[in-house]
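Coordinate inspection notes
What follows is each chain in one-letter form.
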Amino acid sequence: MDTAAILTQARSHFQRTLVTCGGQVVGSVAALAPEGDGAAGFHEDLNYGEVFLRDNVPVMMYLLLSGQGTVVRHFLNTCLALQQTDGPNRGLFPTSFLEKDGKLVADYGQRAIGRVCSPDASLWFPILAQQYVQHTGDRTWANQTSVQTGLQRLLDLVMAPRFRAAPILEVPDGAFMIDRPLDVWGAPLEIQVLLYGALRATADLWQGADSVKQQVLDRAAALKTYLQTYYWISTPIIQDWRRRGTEQYGDPVANPFNLYPETIPDWLQTWLGTDGGYLIGNLRSGRPDFRFFSLGNALALCFDLLDPVQQTALLQLICRNQATLVGQMPLRIAHPPLTGEAWRLLTGSDPKNRPGCYHNGGHWPCLVWFLAAGVMRSHPNLSPDLSHQMQQLLHTGYQQMLHQLPQQAWAEYFDGPTGGWVGQQSRDYQTWTVVGLLILADLLDSQATPIAKTLLAI
Ligand code: GLC
């Protein structure tokens, strides 16, 4: 099959993922069964037949790219109608929903495996809303009371003071795309980056008091500084970390989180090289998580959370570690995997998350378009040589996807160490795999539309 035929096939699979309620499209299911169309074709096992908010991020971006803003607006209105309006989680958006007997039934975590709640879905809402407004010009929609009230409720949830002064948002384990235990509790990178995007997007859409808008922008600015100061690492920074003292009290100190040099893992030296840098996975008192998480770092590029020197260092790191991150199928979701005793204790011996599998170092094709969008956003700050290298990496990934995905039934994920095998428990015909390829095709097209060039730019 040539590229055009593969993309046509992808578009036709995508059409089958769309779900309607009351005659209108409300989003896409997470995965299709290979046989049959419509409701009969959806997986009835697990919850892949539901409309997940996070899985619908690429769906909505693709619809915006294809000029179908009305569908996006209806999806946003549907999410708003399902936002919790009372109780301790007032302001929370659902992880997913499904259509049953003409009604929408939402899951806020009460039906999910392990009863995990997904704050990322709530943080995506204002980002998607801002993208809709930016790409359609429909500010009238955002100015409606229903939208402004929804934003107010979300702000009440995320701006409320917690038990620390830092501008971060603390969450339980598995609170985002990685929705099973993987030692990602506390302040995982992806949630902090999404919080930054959500705050910026909300400020952009806000019609209420200027003082509230200023508080939101101040929190976003403080979060950006915090992430750039404490999550960002490079070889010079690590060298400095290894020689500073510990057990320091008071303010200011060189080692505010009391991190011991023994926490610095051996693999970091070759991973960083001399010119690489990245945002680490998590920062907790005494226990930094040095794992590299692809989506949090790619989104940091998309939302312009890094300075130009950091953008360059991050992309140099990605090029340097192409064999690990891309391998036979882009992109590895997290590196390195938890192994041995750490896997046993921190995942609860989860067989789905064995080392190199699924969230624990598996390879997810749905992640590549985020990186491509991030590269586009950073483009003006990159040297021609680095831009060229990144284009080559993205094109290599794109070719691997074109070659493998139709043969492997548009698998959800691939297992390590290099992503050469279809994920052991991978779903077939996973929507964000299909639609991720379609967006990537648009982003890599030299004739890319102005919309494609600013996708996810907040
Ligand atoms: C899995 C993934 C999650 C995704 C869901 C539906 O649970 O871990 O991120 O949203 O499947 O595709």
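Look up: the structure comes first, before these words.
One structure accompanies this document, and this report is about it. (Residues numbered from 1 in each chain as written. Predicted model: local features only at pLDDT ≥ 70, side-chain atom pairs only at ≥ 80, totals over all residues. Heavy atoms only, no water.)

**Describing the overall build of the protein**
Within the protein one finds 18 helices and 11 strands. Whereas a compact globule of 458 residues would reach a radius of gyration of roughly 23 Å, the protein reaches 21 Å, a difference of no more than 12%. Across its three principal directions, the C-alpha atoms of the protein cover 65 × 55 × 45 Å. The proportion of buried residues among the 458 residues of the protein is 58%. Taking the intrachain contacts of the protein between residues at least 6 apart in sequence as the baseline, contacts between residues at least 24 apart amount to 70%. When the accessible surface of the protein is split by element, carbon and sulfur atoms take 52% of a total near 18400 Å². Each charge class in the protein can be summarised by its mean position, and for the 32 positive and 39 negative side chains these summaries are 3 Å apart. (Helix = DSSP H or I, 4+ residues; strand = E, 2+ residues; numbered from the N terminus. Rg over C-alpha atoms; globule rule 2.2 N^0.38 Å. Buried < 20%, exposed > 50% of the residue type's maximum accessible area, 1.4 Å probe, protein only. Contact = heavy atoms within 4.5 Å. Areas by Shrake-Rupley, 256 points an atom, 1.4 Å probe, with all protein chains shown as cover. Lys, Arg positive; Asp, Glu negative; His and termini not counted. Charge placed at Lys NZ, Arg CZ, Asp CG, Glu CD.)

**Here we look at the site of the ligand**
The ligand sits among A30, Y48, F52, R54, D55, M177, D179, Y358, H359, E412, Q430 and W432. In the model, an oxygen atom of the ligand is placed 2.7 Å from a nitrogen or oxygen of the M177 main chain. Contact with the protein chains removes 96% of the 310 Å² of surface that the ligand exposes when unbound. Per-class residue counts for the shell around the ligand are six nonpolar, two polar and four charged. (Near = heavy atom within 4 Å. Polar contact = N/O pair within 3.5 Å; in protein donor to acceptor, adjacent residues only side chain to side chain. Nonpolar A, V, L, I, M, F, W, Y, C, P; charged D, E, K, R; others polar.)

**So, the pairing of strand β1 (residues 18-21)**
The two faces of β1 differ: V19 and C21 on one face are buried, but L18 and T20 on the other face are not. What sits between β1 and strand β2 (residues 24-28) in their antiparallel hairpin is a turn of two residues, with G22 showing a positive phi close to 60°. (Pairing = 2+ DSSP bridges.)

**Description of the packing of aromatic side chains**
Evaluated as defined, the whole model comprises 17 aromatic pairs. With 5.4 Å between their ring centres and 65° between their planes, Y278 and F292 make a pair best called edge-to-face. Linking Y278 in strand β7 (residues 277-279) with F292 in strand β8 (residues 292-293), this pair joins segments that are 14 residues apart in sequence. For the pair Y278 and F292, a shared accessibility class is recorded, and that class is buried. Each member of the aromatic cluster is reached from another via a ring pair, and the members are Y226, Y230, Y231 and F257. (Phe/Tyr/Trp six-rings, centres within 6.5 Å; stacked < 30°, edge-to-face > 60°.)

**So, the pattern of salt bridges**
One pass over the structure, following the stated rule, counts 10 salt bridges. Between D138 and R73 there is a salt bridge, and its shortest N-O distance comes to 3.5 Å. Residue D138 is found in the loop between α4 (119-136) and α5 (139-143), and its partner R73 is found in helix α3 (residues 69-82); the two are separated by 65 residues along the sequence. Here D138 falls in the buried class, since its relative accessible area comes to 18%. The class of R73 is partly exposed, set by a relative accessible area of 30%. For R90, the salt bridge identified is with D156, shortest N-O distance 3.2 Å. (Salt bridge = Lys/Arg side-chain N within 4 Å of Asp/Glu carboxyl O.)

**Quick word on helix α2 (residues 56-65)**
A large share of α2 lies buried, amounting to 10 of its 10 residues. Among the residues making up α2, those that are buried are N56, V57, P58, V59, M60, M61, Y62, L63, L64 and L65.

**Quick word on the packing of helix α11 (residues 294-302) against helix α15 (residues 368-378)**
Packing of α11 against α15 brings their axes to within 7 Å, and their N-to-C directions diverge by 35°. Relative to α15, α11 is oriented so that their crossing is left-handed. For the pair formed by α11 and α15, the contact residues are L295, A298, L299, L301 and C302 on the first element and F370, L371, A373, G374, R377 and S378 on the second. Counted by class, the contact of α11 with α15 contains eight nonpolar, two polar and one charged residues. (Axes fitted to C-alpha atoms, helices over the stretch in contact; angles between N-to-C directions. Left-handed = near helix turned anticlockwise from the far one by under 90°.)

**Considering the environment of P188**
Summarising the element assignment, P188 is placed in the loop between α6 (145-159) and α7 (189-205). Residue classification places P188 among the buried positions, given a relative accessible area of 1%. With 122 residues separating them in the primary sequence, P188 and S66 have C-alpha atoms 33 Å apart. Among all residues touching P188, those that are not within four sequence positions of it are V171, F176, G281 and N282.

**Points about the environment of G273**
Relative to the elements of secondary structure, G273 occurs in the loop between α10 (268-272) and β7. C-alpha of G273 to C-alpha of S234: the two residues are 39 residues apart in sequence and 8.5 Å apart in space. Those residues within four positions of G273 in sequence are excluded, and the remaining contacts are T235 and R320.

**A look at the nonpolar core**
One broad rule of soluble globular proteins: the nonpolar side chains tend to lie buried together. Counting residues in hydrophobic clusters, the biggest one holds 160 residues, and the most contacted among them are Y278 and L371. When residues of this core are assigned to their parent elements, the largest contribution, 11 residues, is made by α7. Not counting chain neighbours up to four residues away, the residues in contact with L371 comprise A298, L301, L315, I318, L331, M390, L393 and L394. (Core = buried A, V, L, I, M, F, W, Y, C linked by side-chain atoms within 4.5 Å.)

**A few points about helix α12 (residues 308-320)**
An ideal rise of 1.5 Å per residue puts 18 Å on 13 residues; α12 measures up with 18 Å between its terminal C-alpha atoms. All of the buried residues in α12 are Q310, Q311, T312, A313, L314, L315, L317, I318 and C319. The N-terminus of α12 is capped by D307, whose side-chain oxygen sits 3.0 Å from the backbone nitrogen of V309. (Expected span 1.5 Å × (residues − 1).)

**Things to note about the sheet that holds strand β4 (residues 96-100)**
One open sheet accounts for three strands, arranged β3-β4-β5; its pairing is antiparallel. At either end of the open sheet lies a strand with only one pairing partner, and these are β3 (51-52) and β5 (103-107).

**Things to note about the environment of S378**
Inspection of the secondary structure assignment puts S378 in helix α15. A C-alpha to C-alpha distance of 41 Å links S378 and G23, two positions 355 residues apart in sequence. Those residues within four positions of S378 in sequence are excluded, and the remaining contacts are L301 and Q311. A polar side-chain atom of S378 sits 2.8 Å from the main-chain carbonyl oxygen of G374.

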